[in-house]
Amino acid sequence: MKKSLFTIFLFLLTGFALQAQSKKAFSAGEWFKFRIHYGPFNASYATLEVDETSIQGESVYHIKGRGKSTGLLHWFFKVDDNYQTYIDKENGKPYKFIRKIDEGGYTKDLEIDFDHSENKAYVFDRKHDENHTYTTKPNVHDMLSAFYYIRNNIKNDELRPGDEMRLNLFIDDENMDFKLRFLGREVIKTKFGKVATLKFRPYVMAGRVFKEKESLTFWVSDDANRIPLKIEANLAVGSLDADLDSYKGLKHPFKIIMN
């Protein structure tokens, strides 16, 4: 199992996008914690955190994603994943992406620098002490920057069921084209109360990880935050569920239906 539950979780978050700028959905200080279940197991947790720093003389958001196995799963398949991205505060494009993972003994330690003017990705593989250069697609994103770019660009009021959206990704050593369909609006129950949400289904590659092309469904809050609240996935073996467990530092009020 070379893709951990947290790695799959990040893939789910990156599968939707819009083009026009909308109200900013987040700011420094935002923090999320998710509980991830694999079948009957409380398998792991994941956190996402936004800080501020500077890189290449520019003030940027430094976003950190961590995933760690817990409970019974940790005894037979230890997961400890560390993802980081540095993104432009205005357009959301990534400057640098870090992926350091240990998933059941399968490890990677990559640092990727993006040159958007030349459409290049410079990948340093620390594990093998190797440097590689790849050509990327225009407006490319990494797994983390994509999620935050998307949140800033969803125009809630203009979405219609059946709308399809795309985003260019570069992951490790390859370009990927993510496509997602907007399914509609739905009120769901969360640990915080009932929340109005936007429901999406990304297209994924069936086979080793996912059971079918339309194996994933996820919900984000239908408010200015666009918070990821719930994910359901039918995997090639078993099923995965993730739910928002706690949060702090939201830029906008979290709209909860009080009835």
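These figures come from a predicted structure and were not determined experimentally.

Conventions we followed
Residues numbered from 1 in each chain as written. Predicted model: local features only at pLDDT ≥ 70, side-chain atom pairs only at ≥ 80, totals over all residues. Heavy atoms only, no water. Helix = DSSP H or I, 4+ residues; strand = E, 2+ residues; numbered from the N terminus. Buried < 20%, exposed > 50% of the residue type's maximum accessible area, 1.4 Å probe, protein only. Contact = heavy atoms within 4.5 Å. Phe/Tyr/Trp six-rings, centres within 6.5 Å; stacked < 30°, edge-to-face > 60°. Polar contact = N/O pair within 3.5 Å; in protein donor to acceptor, adjacent residues only side chain to side chain. Salt bridge = Lys/Arg side-chain N within 4 Å of Asp/Glu carboxyl O. pLDDT = per-residue confidence, 0-100.

*Asks:* Tell me about the overall build of the protein, and name the residues and values.
*Replies:* The helix and strand inventory of the protein stands at 3 helices and 14 strands. For the protein, the residues scored as buried account for 48% of the 259 residues in total. Across the protein, every contact between residues at least 6 apart in sequence was considered, and the portion connecting residues at least 24 apart equals 52%.

*Asks:* Describe in detail the environment of Phe 182, supporting the description with residues and values.
*Replies:* By secondary structure assignment, the location of Phe 182 is in strand S10 (residues 174–190). When the C-alpha positions of Phe 182 and Arg 201 are compared, they lie 6.5 Å apart, and in sequence the two are 19 residues distant. Ignoring any residue separated from it by four or fewer positions in sequence, one finds Phe 182 in contact with Leu 159, Arg 160, Pro 161, Gly 162, Asp 163, Met 165, Leu 198, Lys 199 and Phe 200.

*Asks:* Talk me through the packing of aromatic side chains; I want residue IDs and the actual numbers.
*Replies:* In the structure shown here, the tally under the stated rule is 12 aromatic pairs. Seen in terms of ring centroids, Phe 114 and Phe 170 are 6.4 Å apart; in terms of plane orientation they differ by 90 degrees. Their pairing is edge-to-face. Here Phe 170 lies in strand S9 (residues 164–171) and Phe 114 lies in strand S6 (residues 106–115), a separation of 56 residues in the sequence. Here Phe 114 falls in the buried class, since its relative accessible area comes to 8%.

*Asks:* Explain helix H3 (residues 143–153) residue by residue, including any values.
*Replies:* Counted residue by residue, H3 has 11 buried out of 11 residues, so it is predominantly covered. When H3 is considered as a whole, its buried residues turn out to be Met 143, Leu 144, Ser 145, Ala 146, Phe 147, Tyr 148, Tyr 149, Ile 150, Arg 151, Asn 152 and Asn 153. Sitting at the head of H3, Asp 142 places a side-chain oxygen 2.9 Å from the backbone nitrogen of Leu 144.

*Asks:* How would you sum up the pattern of salt bridges? Please name residues and give values.
*Replies:* Inspection of every chain in the model, using the stated rule, returns 18 salt bridges. Ionic pairing is found between Asp 113 and Lys 96, a salt bridge with its closest N-O pair at 2.6 Å. Taken as a pair, Asp 113 in strand S6 and Lys 96 in strand S5 (residues 94–103) lie far apart in primary sequence, 17 residues in all. Linking Asp 245 and Lys 191 is a salt bridge whose minimum nitrogen-to-oxygen distance equals 3.6 Å. Placement of the pair is Asp 245 in strand S14 (residues 239–248) and Lys 191 in the loop between S10 and strand S11 (193–202), with a sequence separation of 54 residues. Taking relative accessible area as the criterion, Asp 245 reaches 22% and is therefore assigned partly exposed. A relative accessible area of 57% places Lys 191 in the exposed class.

*Asks:* Can you tell me about the side chain of His 141, naming the residues and giving the values?
*Replies:* Within the secondary structure layout, His 141 lies in the loop between strand S8 (130–135) and H3. Reaching out from His 141, the side chain makes a polar contact with the side chain of Ser 145 at a distance of 3.0 Å. Non-local contacts of His 141, meaning those with residues more than four positions away in its chain, are made with Gly 92, Lys 93, Pro 94, Ala 146, Tyr 149, Leu 167, Asn 168, Leu 169 and Phe 170.

*Asks:* Give a detailed account of the confidence of the model for the protein, specifying residues and quantitative values.
*Replies:* Residues at a pLDDT of 70 or more form 79% of the protein, whose mean pLDDT is 82. Per-element confidence in the protein is highest for strand S7 (residues 120–125), whose mean pLDDT is 98, and lowest for helix H2 (residues 71–76), whose mean pLDDT is 56. Confidence drops under a pLDDT of 50 for residues 15–22, and excluding neighbours within four residues, the segment shows 34 contacts in the predicted structure. Low pLDDT, under 50, characterises residues 205–214; the predicted model gives this stretch 31 contacts beyond four residues in sequence or across chains.

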